[in-house]
Amino acid sequence: MKEPFDRVVATHGATVLRVCRAVVGPVDADDAWSETFLAALRAYPDLPADANVQAWLVTIAHRKAVDVVRRAARHAVPVADLPEHTAPPAGRDLDLWAALAALPTKQRHAVAYHHLAGLPYDEVATVLGGTPAAARRAAADGVASLRRTYAGPLTPEGAAP
Amino acid sequence: MTTTDDDLTRLRTRLAAAALADGTLDVAYRTVDSPVGPLLLARTPAGLVRVAFAVQDHDAVLQSLADAVSPRVLQAAAPFDDVVRELDEYFAGRRRTFDVPLDLRLLRGFRRTVVSHLPEIPYGATASYAEVAASSGSPRAVRAVGTACALNPLPLVLPCHRVVRSDGSPGRYAGGDDAKLTLLALETAVGAAA
């Protein structure tokens, strides 16, 4: 017996959005979220009943985020100056995003999947490839960098500290 | 980082539209208010597959649709424009029959026979369980007719509320006894005014 997909979206939608924002930034997060849940909807009937739904969604989100970043890089046009502002979304912590964006990719992913999505390190390792120990190290290094570069509170709402 | 409910509402609407366009939305649903309480409407690409009253527990109904039809279930308003319009017209006394496409896949055997005969009972009229049993070709299956009506997946649209006891008393209704009285009173008043 599998719950209606709508319930999956209701239960995990907010977490997946936080993860997408952390990994691809606020501008591309909507696309990554939408592509993640559309792909998940397609595959949902074949998901084993005892699967860890959150880990499954984060795995899809990881693939979609990589796609989104790759696509953005392909379409990127070099500019001499950065635009003055890129419509800062109200109430979002842009400093934290900037700090996350400055991390090496693997550290950013490890921080997002462990600290925002709450996946244990062996699950994070499954998503990223490599060993759980490497995932733990990447997340620890990422958090250490964030402590240096980011002055605000480091415990996001709803996530394990 | 603040994740706002507004963002998620917008994203879920966008997801439902994309899933419809993609052909992967097997069961769309929405709820609408009505004079007999909130109604859950569910639709497959073939047509309207389920109408349920609040007393039937909408969460349980969605779970049963996930089990019986497909777990690809999402809330989506757009596919229901015609159904909602016809229901509005019905409750306003301006519509006597429904002509939205129906998906009868939840019905098998005798239950399907019984429920398919229900639209033959005219608007504003009633038929007894025994009469419906006879018109379904099994005059002795009166209790089975009662069960078929109680389990009708498309109440209102397939009018099981017009099936009453032989003594003329309304009998039970999946939407609650009050809902049955409301519907019969509506149809009697509109029928008499015509």
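Just so you know, these numbers come straight off a predicted model, no measurement behind them.

## Here's the deal with the domain arrangement of chain B
All names here are of chain B. Entries for chain B in the domain assignment read domain 1 (5-91) and domain 2 (109-193). The distance between the C-alpha centroids of domain 1 and domain 2 comes to 25 Å. Taken together, the contact between domain 1 and domain 2 spans 12 residues of the former and 17 residues of the latter. Interface area for domain 1 against domain 2, summed over the two sides, is near 1200 Å², with a carbon-plus-sulfur share of 73%. For the interface between domain 1 and domain 2, the tally reads zero salt bridges. There are four residue pairs in polar contact (both at pLDDT 80 or more) connecting domain 1 and domain 2. For the side of domain 1 that touches domain 2, the leading source of residues is strand β3 (residues 47-53), giving five residues. Grouping the constituent residues of the side of domain 1 that touches domain 2 by class yields 10 nonpolar, one polar and one charged.

## Brief notes about the packing of aromatic side chains
Residue and element names in this part refer to chain B. Tallying each qualifying case throughout the model produces eight aromatic pairs over all chains. On the numbers, 5.3 Å between centres and 65° between planes, the contact of Phe53 with Tyr173 is edge-to-face. You can see Phe53 sitting in strand β3 and its partner Tyr173 sitting in the loop between β6 (163-164) and α7 (177-193), a full 120 residues away along the chain. Summarising the burial analysis for this pair, Phe53 and Tyr173 share the class buried. Ring geometry for Tyr90 versus Phe91: centroids 5.3 Å apart, planes at 70°, classification edge-to-face. Comparing Tyr90 with Phe91 shows no difference in burial state: the two are buried.

Each value, and the rule that gives it
Residues numbered from 1 in each chain as written. Chains lettered and ligands numbered in written order. Predicted model: local features only at pLDDT ≥ 70, side-chain atom pairs only at ≥ 80, totals over all residues. Heavy atoms only, no water. Domains from an automatic or database assignment. Contact = heavy atoms within 4.5 Å. Buried area = accessible area lost by both parts, 1.4 Å probe. Salt bridge = Lys/Arg side-chain N within 4 Å of Asp/Glu carboxyl O. Polar contact = N/O pair within 3.5 Å; in protein donor to acceptor, adjacent residues only side chain to side chain. Helix = DSSP H or I, 4+ residues; strand = E, 2+ residues; numbered from the N terminus. Nonpolar A, V, L, I, M, F, W, Y, C, P; charged D, E, K, R; others polar. Phe/Tyr/Trp six-rings, centres within 6.5 Å; stacked < 30°, edge-to-face > 60°. Buried < 20%, exposed > 50% of the residue type's maximum accessible area, 1.4 Å probe, protein only.

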